[in-house]
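Take a look at the letters that make up each chain.
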Amino acid sequence: MEGYNKAVLYVEDNPLNMALMHHIFKKNLSSVQLLKAETAEQGLEIAAREQPDLIILDIGLPGLNGYEAMEYLQSNEDTRHIPVLATSAFAQASDMERASSAGFADYITKPFQVKTITDSVKKLLGG
Ligand SMILES: [Mg+2]
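On a predicted model such as this, the values are computed, not experimentally measured, just so you know. (Residues numbered from 1 in each chain as written. Predicted model: local features only at pLDDT ≥ 70, side-chain atom pairs only at ≥ 80, totals over all residues. Heavy atoms only, no water.)

To continue, consider the pairing of strand β5 (residues 106-109). Bridging between strand β4 (residues 84-88) and β5 involves four bridges; their strand directions are parallel. When the sheet's bridge partners are listed, Ala-86 is paired in β5 with Tyr-107. (Pairing = 2+ DSSP bridges. Helix = DSSP H or I, 4+ residues; strand = E, 2+ residues; numbered from the N terminus.)

Below is the structure:
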């Protein structure tokens, strides 16, 4: 879309979290287009087609979960170069380790802190 420098795809089944992310992008990341998917399956299709600069992937999704979606993203040469930021309500050290070994660029726990999301997205988009 015209006027945007970059695009981020957010895969999230919870409408409240999606609305919050929409608000964060409007307020703090207004030059970045936010693409939205409600399921991993839909997200994989959009990622391959739209080639976003970053994917924010919820771990708890209906159908394929975030870890399974990550395996598909990494096994597809059209999407494996895209950094992926995981979000989850699971906040144990073992969850962070699992996310890190799955190849996620970052892991953010819910409920979201606006600044944490904003800073991580900016960093992963390269400023
Ligand atoms: Mg979820």
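Those protein atoms acting as donors to the magnesium ion are Asp-13 (OD), Asp-58 (OD) and Gly-60 (O), and they sit at 2.0 to 2.2 Å. Counting along the primary sequence, the residues that act as donors to the magnesium ion give the motif D-x44-D-x1-G. A relative accessible area of 3% places Asp-58 in the buried class. (Donors = N, O, S within 2.8 Å, 3.2 Å for Na, K, Ca; no water. Buried < 20%, exposed > 50% of the residue type's maximum accessible area, 1.4 Å probe, protein only.)

Let us now look at the sheet that holds β5. The parallel open sheet is built from five strands, whose spatial order is β2-β1-β3-β4-β5. Looking along the sheet, the strands with just one partner apiece sit at the ends: β2 (32-37) and β5. Direction aside, neighbouring strands of the sheet carry axes that sit 20° apart on average. Against the sheet, helix α3 (residues 66-75) engages β3 (54-58), β4 and β5, with an angle of about 150° to β3. (Axes fitted to C-alpha atoms, helices over the stretch in contact; angles between N-to-C directions. Contact = heavy atoms within 4.5 Å.)

In this section: the UniProt feature "domain: Response regulatory" (unreviewed entry) in the protein chain. UniProt records the feature "domain: Response regulatory" (unreviewed entry) at residues 7-125, using the numbering of this structure. Across residues 7-125, helical content stands at 46% and strand content at 21%; the span's end C-alpha atoms are separated by 9 Å. (UniProt positions renumbered as here; feature names shortened; annotations may be inferred.)

This paragraph deals with the environment of Ala-37. Positionally, Ala-37 belongs in strand β2. C-alpha separation for the pair Ala-37 and Val-11, spaced 26 residues apart in sequence, amounts to 4.7 Å. Once residues lying within four places of it in the same chain are set aside, the contact partners of Ala-37 are Leu-9, Tyr-10, Val-11, Glu-12, Met-18, Gln-42, Gly-43 and Ile-46.

Turning next to the pattern of salt bridges. A full pass over the atoms with the stated rule returns five salt bridges. Glu-45 is paired through a salt bridge with Arg-49; the nearest N and O atoms lie 3.2 Å apart. Here Glu-45 pairs with Arg-49, and both are found in helix α2 (residues 40-50), just four residues apart, close to one helical turn. Each member of the pair Glu-45 and Arg-49 is classed as exposed. Among the salt bridges present, the one from Asp-58 reaches Lys-110, with a minimum N-O distance of 2.8 Å. (Salt bridge = Lys/Arg side-chain N within 4 Å of Asp/Glu carboxyl O.)

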